[in-house]
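Fold and contact review
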Amino acid sequence: MHHPKQQYALNAVPNEAPRPEELLDELFRRAVAECKLAVELIGARDARAKGTAINKALEIVEALDMALDHSVAPDLCAHLESLYLYVQERLVRANIEFDAAPVTEAAKILEDLRGAFAQAAEMNASK
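A quick note: this is a predicted structure, and the numbers were derived from the prediction, not measured.

Judged by nonpolar contacts, the single largest core of 28 residues is most densely connected at Cys 35, Ile 54, Tyr 84, Val 87, Leu 91, Val 103 and Leu 110. Of all the secondary structure elements, the ones that give two or more residues to this core are α2 (20–43), α3 (47–66), α4 (74–97) and α5 (100–125). Not counting residues within four places of it along the chain, the set of residues in contact with Val 87 comprises Val 61, Ala 106, Ile 109 and Leu 110.

Now the structure itself:
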């Protein structure tokens with residue numbers, strides 16, 4: 001058994017916090033993974049698990065939407081907000097109608113956004 005200070009050190013937050021672009025990439029990755037899981041669960045006719053996966057994806061997309069800073073890039077944020085709202089609508093439709101097509105479409109949009117943000121981060125890092 002560890003001394004309390006040793007235990008605290010083992011459980012402590014790492015000294016180096018992830019960069020914003022890493023957090024963003026992880027959010028997109030998780031949202032896409034939940035969408036893909038939902039597609040599998042729709043195929044398996046597992047309503048409860050499908051709903052859980054779609055709700056997790058919805059929570060992530062909502063967090064992405066809420067994190068937009070319209071004061072920094074109003075036009076970009078307005079476009080992203082529209083995309084996030086559309087993705088949310090597709091996920092809700094998939095959940096209600098037990099249909100894989102809307103959630104597949106949502107996953108594709110999220111994958112494309114993930115790629116675009118990764119490319120922008122690379123370009124920014126090379127400056």
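The subject of this paragraph is unusual backbone geometry. With a phi close to 60°, Arg 45 is a non-glycine residue in the positive phi region. With respect to the element layout, Arg 45 can be found in the loop between α2 and α3. Arg 45 gets classed as exposed once you look at its relative accessible area, which sits at 60%. Its identity as a non-glycine residue notwithstanding, Phe 98 has a phi of 55°, on the positive side. By the secondary structure assignment, Phe 98 is in the loop between α4 and α5. The buried category is assigned to Phe 98, whose relative accessible area is 19%.

Turning to the packing of α4 against α5, a few remarks are in order. Viewed as axis vectors pointing N to C, α4 and α5 meet at an angle of 150°, and their least axial separation amounts to 8 Å. The angle between α4 and α5 places the two elements in the roughly antiparallel class. For α4 against α5, the interelement crossing comes out left-handed. In this structure, α4 contributes Leu 80, Leu 83, Tyr 84, Tyr 86, Val 87, Arg 90, Leu 91, Arg 93 and Ala 94 to the contact, and α5 contributes Pro 102, Val 103, Glu 105, Ala 106, Ile 109, Leu 110, Leu 113 and Phe 117. Its residues assigned to classes, the contact of α4 with α5 shows 14 nonpolar, no polar and 3 charged.

Per-residue confidence for the protein chain gives a mean pLDDT of 91, with 88% of residues at or over 70. In the model of the protein chain, helix α1 (residues 4–11) stands out as the element of lowest mean pLDDT, 58, in contrast to α3, which has the highest, 98.

Look at α2 against α3: their axes get within 8 Å of each other, and the N-to-C directions meet at 155°. The angle between α2 and α3 places the two elements in the roughly antiparallel class. Relative to α3, α2 is oriented so that their crossing is left-handed. Residues Leu 24, Leu 27, Phe 28, Arg 30, Ala 31, Glu 34, Cys 35, Leu 37, Ala 38, Leu 41 and Ile 42 of α2 pack against Ala 49, Lys 50, Ala 53, Ile 54, Lys 56, Ala 57, Ile 60 and Leu 64 of α3. Residues of the contact of α2 with α3, tallied by class, amount to 15 nonpolar, no polar and 4 charged.

Here is what the cut-offs are and how they apply
- Every chain is numbered on its own, with residues counted from 1 as its sequence reads.
- Only residues with pLDDT of 70 or above have their local features reported here, since the model is predicted, and side-chain atom pairs are shown and tallied only from 80 upward, although totals for entire chains, interfaces and linings are computed over all residues.
- Side-chain metrics in this entry use all non-hydrogen atoms of the structure; hydrogen atoms and water are not considered.
- What we call a nonpolar core is a set of buried Ala, Val, Leu, Ile, Met, Phe, Trp, Tyr and Cys residues that are connected through their side-chain atoms within 4.5 Å.
- Relative accessibility under 20% of the residue-type maximum defines a buried residue, over 50% an exposed one, and the middle range a partly exposed one, all with a 1.4 Å probe and only protein chains included.
- Each helix corresponds to a stretch of at least 4 residues labelled H or I by DSSP, and each strand to a stretch of at least 2 residues labelled E; elements are numbered beginning at the N terminus.
- Only heavy atoms enter the contact rule, under which two residues are in contact if any of them lie within 4.5 Å.
- Each axis is a line fitted through C-alpha atoms, taken for helices only over the stretch in contact, and angles between the N-to-C directions span 0 to 180 degrees.
- For classification purposes, angles smaller than 35 degrees are called roughly parallel, those larger than 145 roughly antiparallel, those between 65 and 115 roughly perpendicular, and all remaining angles oblique.
- Should the near helix be turned counterclockwise from the far one by less than a right angle, the crossing is left-handed, whereas a clockwise turn marks it as right-handed.
- Side-chain classes follow a simple rule in which Ala, Val, Leu, Ile, Met, Phe, Trp, Tyr, Cys and Pro form the nonpolar group, Asp, Glu, Lys and Arg form the charged group, and the remainder, Gly included, forms the polar group.
- Per-residue confidence from the prediction method is given by pLDDT, with values spanning 0 to 100.

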